[in-house]
Amino acid sequence: MKEFIGTGVALVTPFDSKNNIDFDALERLVNHQIENGVDYLVVQGTTGEPATLTADERAQVREAIIKINNGRLSLVLGIGGNNTQGIIDEIKATDLSSFDGVLSVAPYYNKPTQEGFYQHFKAIAEVCPKPIILYNVPGRTAKNMEPETVFRLASDFDNIIGIKEAGNDVHQYLELIKNKPEDFLIISGDDDLVIGIVLAGGSGVISVLGQAYPKEFSTMIKLGLEGDAKEAYKIHYKLMDIIGLIFEENNPAGVKALMNTMGICEPNVRLPLVEATSELQEKINTFIENY
């Protein structure tokens, strides 16, 4: 699945001052990615705040991004959650014709066993007409999906083609890379670790920061995939402080604060998230001034 090798970005959903979707900002955001070398776009991943969008709003965002993108980049749609039947129903009800894959997060809150993870994704794989990228993010879901479970799913279902791993656990990344099936993609969901993971044999990234600095981030990932560690780390070191800052309070408030200063979108998020504090915004502004 070559379209998912390189730099994907997990797009935010911009909101205006009244907390309605800001479609003008969404257009600026999508074009900013396309014009600066990103390889694919992830629509309504966790960073897009889909949990606080209505079904109608999610549909509006999907349609807007499809229209703005106009076939220029591959699109991945986030469809996941902790109600397996609900996800199956959503997959069946959603027009996926414009999407090249589905990103599906490990069930959160329920804390299933490894067999529960397997049966959940088995049920999804049996109905999903598109390639599936699993998404393991134990910091959000409260439970880690073990590599053995991932390999079992990869072995049993041809349409499960990769995993976005975001456990910030280098040993687990290396175990996934070492033992994965030949064409299975190990995609980093940790912006701070990604170059080491790519150099070790990972397939690239689905990034949060990449949407603010798409040119730099996609160049860095290309260099990593080519094995040019020295030049890739030069870019990483320039971005290292801002990676820490955007996750200091919560995601996506941090990256929205950054893109607000850049003139891409407003800093607004929906409750229960709150926008970045003035202290964090000041640190971000200082980084931009010195960058």
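Refer to the structure above for everything that follows.
Cut-offs applied
Residues numbered from 1 in each chain as written. Predicted model: local features only at pLDDT ≥ 70, side-chain atom pairs only at ≥ 80, totals over all residues. Heavy atoms only, no water. Helix = DSSP H or I, 4+ residues; strand = E, 2+ residues; numbered from the N terminus. Buried < 20%, exposed > 50% of the residue type's maximum accessible area, 1.4 Å probe, protein only. Contact = heavy atoms within 4.5 Å. Right-handed = clockwise from strand over helix to strand, strands pointing away. Pairing = 2+ DSSP bridges. Polar contact = N/O pair within 3.5 Å; in protein donor to acceptor, adjacent residues only side chain to side chain. 1 Å grid on protein atoms, 1.4 Å probe; cavity = no way out; pocket = protein on both sides within 12 Å on 5 of 7 lines; lining within 4 Å. Points joined across faces, edges and corners; volume = space filled by probe spheres on them. Nonpolar A, V, L, I, M, F, W, Y, C, P; charged D, E, K, R; others polar. Core = buried A, V, L, I, M, F, W, Y, C linked by side-chain atoms within 4.5 Å. Axes fitted to C-alpha atoms, helices over the stretch in contact; angles between N-to-C directions.

> So, the side chain of Glu 57: which residues are in play, and what are the values?
For Glu 57, the location among the structural elements is in helix H2 (residues 55–69). The buried category is assigned to Glu 57, whose relative accessible area is 15%. What Glu 57 contacts, discounting residues up to four positions off in sequence, is Ile 21, Thr 52 and Arg 270.

> Hey, could you go over the pairing of strand S5 (residues 132–136) for me, with residue numbers and the actual values?
The buried fraction of S5 amounts to 5 of the 5 residues, a majority that puts the element mostly inside the structure. Residues Ile 132, Leu 134 and Asn 136 point to one face of S5 and Ile 133 and Tyr 135 to the other, with burial holding for every one of them. As a crossover connection, the stretch from strand S4 (residues 101–105) through helix H4 (residues 114–125) into S5 is right-handed. Where S5 lies against strand S6 (residues 160–165), 5 bridges are found, and the strand directions are parallel. By the bridge assignment, Ile 133 is partnered in S6 with Gly 162.

> Just give me the short version of the side chain of Ser 218, but keep the residues and values in it.
Checked against the element boundaries, Ser 218 lands in helix H9 (residues 214–225). Here Asn 36 takes part through its backbone oxygen, which lies 3.3 Å from a polar atom of the side chain of Ser 218. For Ser 218, the side chain forms a polar contact with the main-chain oxygen of Pro 214, separated by 2.6 Å. In contact with Ser 218, not counting residues within four places along its chain, are Thr 7, Asn 36, Gly 37 and Val 38.

> Go over the layout of surface pockets, please, and point to the residues and values.
Gaps left between atoms are located by rolling a probe of water-molecule size over the structure's atoms. In this model, the largest pocket occupies a volume close to 750 Å³. Around the largest pocket sit 32 residues that line it, and Thr 46, Pro 50, Ala 51, Gly 80 and Tyr 108 are the ones nearest its centre. Of all the secondary structure elements, the ones that give two or more residues to the lining of the largest pocket are helix H3 (84–93), S4 and helix H5 (138–141). Residues that form the lining of the largest pocket fall into these classes: 13 nonpolar, 14 polar and 5 charged.

> Give me the nonpolar core: which residues, what numbers.
Within the largest apolar cluster, 80 residues are counted, with the highest numbers of intra-cluster contacts made by Leu 134, Leu 209 and Ile 242. Among the elements that take part in this core, helix H10 (residues 229–246) stands out by supplying 7 residues, more than any other. In this structure Ile 242 touches Leu 209, Tyr 213, Leu 258, Ile 284 and Phe 287, once residues within four positions along its chain are discounted. If you look at the next biggest cluster of nonpolar residues, it comprises 15 residues, including Ile 133, Ile 161, Leu 185 and Ile 206.

> Talk me through the sheet that holds S6; I want residue IDs and the actual numbers.
Sheet architecture is closed into a barrel: 8 strands sit in the order S1-S2-S3-S4-S5-S6-S7-S8, paired in parallel fashion. Neighbour-to-neighbour, the strand axes of this sheet turn through a mean angle of 25 degrees, independent of strand direction. Examined bridge by bridge, strand S7 (residues 185–188) and strand S8 (residues 204–207) share 2 bridges and lie parallel to one another. Its bridge partner lying in S8, Ile 187 is registered against Gly 204. Sitting on the sheet, H9 is in contact with strand S1 (6–10) and S8, with an inclination near 145 degrees to S1.

> Tell me about unusual backbone geometry, and please be specific about residues and values.
Negative phi characterises most residues that are not glycine, and trans characterises most peptide bonds. Note the cis peptide between Asn 251 and Pro 252, where omega equals 15 degrees. Examined against the element boundaries, Pro 252 turns out to sit in the loop between H10 and helix H11 (253–261). At the junction of Leu 271 and Pro 272, the peptide bond is cis and its omega measures out at 15 degrees in the coordinates. Within the element layout of this structure, Pro 272 appears in the loop between H11 and helix H12 (278–290). Despite not being glycine, Gln 44 shows a phi value in the positive range, around 60 degrees. At Asn 168, a residue that is not glycine, the phi angle is positive and equals roughly 55 degrees.

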